[in-house]
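# Understanding the architecture of this molecule
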Amino acid sequence: MKYRYIFILLLLISSTFTGCSTIQKIAEFNLDHLNVEEEVTERDYEKLPESTYIKDTIELSMDNAKTLNPLDGVAYNVDQGLKLVYESLFSPDEYKNIEPLLVSEYEQINETTYRLTLKDQVTFHNGELLTAEDVVFSYDYIKTQANSGYAYVNTYIQNLTAEAENTVVVEFQQKDRYNLYALTFPILSRAYLESDNYDKTFPIGTGPYQCEHFQSMIELVLNKNPNYHGQTANVDKVRFTLVRSFAEEYNMFMAKRIDLIAPVLTEWPNYSDDQNIQKKQYLSPYFYYIGFNHTNVFYQDVNVRRYYSSLIDYSHINRTVFLNHLFFTPLPMHIESEIQGRLKQYDVFDQSNTKVTSIINTEAIRFIYLNEDHTQENIIKIIQASIDDERDNIEFIGLSREEYYQALIDGSFDMYLNTFQASLIPSLNQVLASNGRYNYGKYSNQNIDGLLASYRQVETDEQYINQLNTLSQWVMDEIPIIPIGFLENGMFIHNKIEGAIGPNYFHVYKNIQDIKITDYTDY
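Definitions and limits used
Position numbers for residues start from 1 in each chain and track the written sequence from start to end. Whole-chain, interface and lining totals are the exception, using all residues; otherwise, since this is a predicted model, local features are given only for residues with pLDDT of at least 70 and side-chain atom pairs are given and counted only at 80 or more. The side-chain figures draw on all heavy atoms in the structure; neither hydrogens nor water molecules are used. For every residue, the accessible area obtained with a 1.4 Å probe (protein chains only) is divided by the maximum for its type, and the residue is called buried under 20%, exposed over 50%, and partly exposed between those limits. Labels follow the DSSP assignment, with helices taken as runs of H or I lasting at least four residues and strands as runs of E lasting at least two, numbered in each case from the N terminus. If DSSP finds at least two bridges between two strands, the strands pair. Pairing of aromatic side chains requires ring centres within 6.5 Å, counting the rings of Phe and Tyr and the six-membered ring of Trp. Pairs whose planes differ by under 30 degrees are stacked, by over 60 edge-to-face, and all others tilted. For a ring to carry a charge above it, either NZ of a lysine or CZ of an arginine must fall within 6 Å of the ring centroid while also lying within 35 degrees of the normal to the ring plane. Each axis is a line fitted through C-alpha atoms, taken for helices only over the stretch in contact, and angles between the N-to-C directions span 0 to 180 degrees. Between two residues, a contact is recorded if the distance between any of their heavy atoms is within 4.5 Å. A pair is scored as a salt bridge if a Lys or Arg side-chain nitrogen falls within 4 Å of a carboxyl oxygen belonging to Asp or Glu. Confidence of the prediction at every residue is given by pLDDT, a number between 0 and 100.

Bringing the pairing of strand β12 (residues 237–243) into the picture now. Remember that side chains alternate between the two faces of the sheet whenever the strand is regular. In terms of burial, β12 is largely enclosed, as five of its seven residues are buried. Pairing analysis gives five bridges linking strand β11 (residues 219–224) to β12, with the strands arranged antiparallel. Bridge pairing links Leu220 to Phe240 in β12.

Right under this line is the structure:
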């Protein structure tokens, strides 16, 4: 499904949104917010001699890693690369629908319990059979790793046990349409991890590729798994060159030293003019929004919130900051494309009937933002240009990362610009619920809290869509936050590669075993 670029902002606004003004990067897979990477600067990478373009090798890149066990807590792009080696019980497809991967069949015993049957004769790369004990071991391993990027599964899973050699029973904490999404953690070999031969830099999984060798700071080389339980990969090898920064990765891609690139946050102008680069679009998890300090009586008035939202030139933000690559939704959550396409859409382009009462405020408004995030800086510049300094009396304060998050925790702000990282399992509670971890503005509405506690527990898709539409309309009417939307990411692929790779942020190299390397005489 193609996302519709309809940007809804309260009483406002026009246009579609845009791609990033600087490259930003997540340093660790389990971090909640953005770390900013340096500006891309050109480096003189020479094109490799033709003889080194190995026709049976896909050239990729990742950060260097001290461990290649994805449950230990690794950088985001390392985790994504390791999905070629390790597999999970279930996996999201390119439309965010969940599908079985190591599971042949499953049944729901009651509202919170499932019985899963593993595929027959699935082997790890060392020849050992996958069993239910490996699944239990992997889940128990996550519980011992505080920094694991998969620690979120503990929020959903109550208990996981081996009923038989190839049968697992999973008890979830409550009824939830997304419970199976918690079963997307990599499955490790218990025998290998408990053996004297275990090497955390030599991964052994069940995936379409298996480890040939790893050399720190140099490369990770994978070979096609000839005993793969699914479709055997078309290309014999995958080589990950280990990079120190996104700038290095970007310049290697432009010099055709690597075949495809999937930035954590995409700077679209860097790729838009090259007709020899294929482009695949998918949503990032990064949701931009503006929040209010609702503990201040002044901002408890919805007319005040409506007024300040009307001051923001979203058309300009769309055009100059995000380059038409931001997908608007009032709700800070990733959902399946099919569900997204059936939600109510809001027309914000016609402002002819928009009437907003002016607000008189005699005290300076403390509007904070993260000055290490250049996207936020550029949004703030546009907001500054669209207001009346004397009338609106807004003081924009750029803070360092430590100062910014401390100010959010302390409540020492009136308004703030933020970037929320949505998770694979859709959840609105973190930003919008009264007790939400990232509800920095302390907005509270008991009726909405009740809906947030139950909206994922309905029986049918139609009921779920109705619940989401109700929540969307509430955000549009009550403006607990001013939503801007999700940045759309891109995967960029040189013409050497062909095939139906279907990336999503949570599985960037989805279906990579299906791609082929073309005859690239002119490459």
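In this section: the packing of aromatic side chains. When we look at a pair of aromatic rings, we describe it by the centre distance and by the angle of the planes. Within the structure shown, the criterion is met by 30 aromatic pairs. Aromatic side chains Tyr505 and Phe506 sit 5.4 Å apart centroid to centroid with 85 degrees between the ring planes, which places their arrangement in the edge-to-face category. Judged by relative accessible area, Tyr505 falls into the buried class, the value being 4%. Overall, the relative accessible area of 14% leaves Phe506 in the buried class. Taken together, the ring pairs connect Phe287, Tyr289, Phe413, Tyr416, Phe420, Tyr438, Tyr440 and Phe486 into an aromatic cluster. The positively charged end of Arg177 is found above the aromatic ring belonging to Tyr178, 5.6 Å away from the centroid. Here the guanidinium or amino end of Arg177 rests over the ring plane of Tyr464, the centre of that ring lying 4.0 Å away.

To continue, consider unusual backbone geometry. The phi angle of most residues is negative, glycine excepted, and most peptide bonds adopt the trans form. Phi is positive for Leu323, close to 50 degrees, though the residue is something other than glycine. Counting through the fold element by element, Leu323 comes out in the loop between α6 (314–320) and β15 (326–327). By relative accessible area, Leu323 is classed as partly exposed at 32%. At Asn324, a residue that is not glycine, the phi angle is positive and equals roughly 60 degrees. Mapping Asn324 onto the fold places it in the loop between α6 and β15.

Pairing between the strands of a sheet comes from backbone hydrogen bonds, and it takes one of two forms, parallel or antiparallel. Here we have four strands laid out as an open sheet, ordered β6-β7-β9-β8, and antiparallel in their pairing. The strands lining the two open edges of the sheet, one partner per strand, are β6 (103–110) and β8 (157–164). Mean inter-strand twist for the sheet, computed between neighbouring axes without regard to direction, equals 20 degrees. Where β6 and strand β7 (residues 113–118) come together, six bridges link them in antiparallel fashion. By the bridge assignment for β7, Glu105 is matched with Thr117. Against the sheet, helix α2 (residues 132–143) touches β7, β8 and β9 (167–172), its axis set at about 160 degrees to β8.

This paragraph deals with the pattern of salt bridges. For side chains of opposite charge, pairing can occur when their charged atoms come near one another. Scanning all chains against the criterion turns up 21 salt bridges. Ionic pairing is found between Asp176 and Arg456, a salt bridge with its closest N-O pair at 2.5 Å. A residue pair is termed long-range when its members are at least 10 positions apart, and Asp176 in the loop between β9 and α3 (190–193) and Arg456 in the loop between α12 (446–454) and α13 (461–478) qualify at 280 residues. As far as burial versus exposure is concerned, Asp176 and Arg456 are alike and both buried. Connected through salt bridges with shared partners, the residues Glu107, Arg115 and Glu163 form a single ionic network.

Let us look at the sheet that holds β11. Reading across the sheet, the four strands line up as β3-β12-β11-β10 and stay open at both edges, with mixed pairing between neighbours. Whereas interior strands pair on both sides, the edge strands pair on one side only; in this sheet they are β3 (57–63) and β10 (209–215). Strand-to-strand, the axes of this sheet are offset by a mean angle of 20 degrees, without reference to chain direction. The pairing of β3 with β12 spans seven bridges and is parallel.

With 14 of 14 residues buried, strand β19 (residues 481–494) is to be regarded as a mostly interior element. Summarising the sheet, strand β13 (residues 260–261) and β19 pair through two bridges and their orientation is antiparallel. Residue pairing in the sheet places Ile261 in a bridge with Phe492 of β19. Relative to β19, strand β14 (residues 277–292) is paired through 12 bridges, and the arrangement is antiparallel. Bridged to Lys279 within β19 is Phe492. Summarising the sheet, β15 and β19 pair through two bridges and their orientation is antiparallel. Residue pairing for β19: Leu326 is matched across the bridge by Leu487.

Caution applies to low-pLDDT parts of the model: their predicted coordinates are not meant to be read in detail. Chain-level statistics for the protein give a pLDDT mean of 84 and a share of 84% at 70 or above. Contacts of residues 1–53 to residues separated by more than four positions or lying in other chains number 220 contacts, the stretch itself having pLDDT below 50. Considering only residues more than four positions removed or in separate chains, one finds that residues 349–353, a stretch of pLDDT under 50, has 10 contacts.

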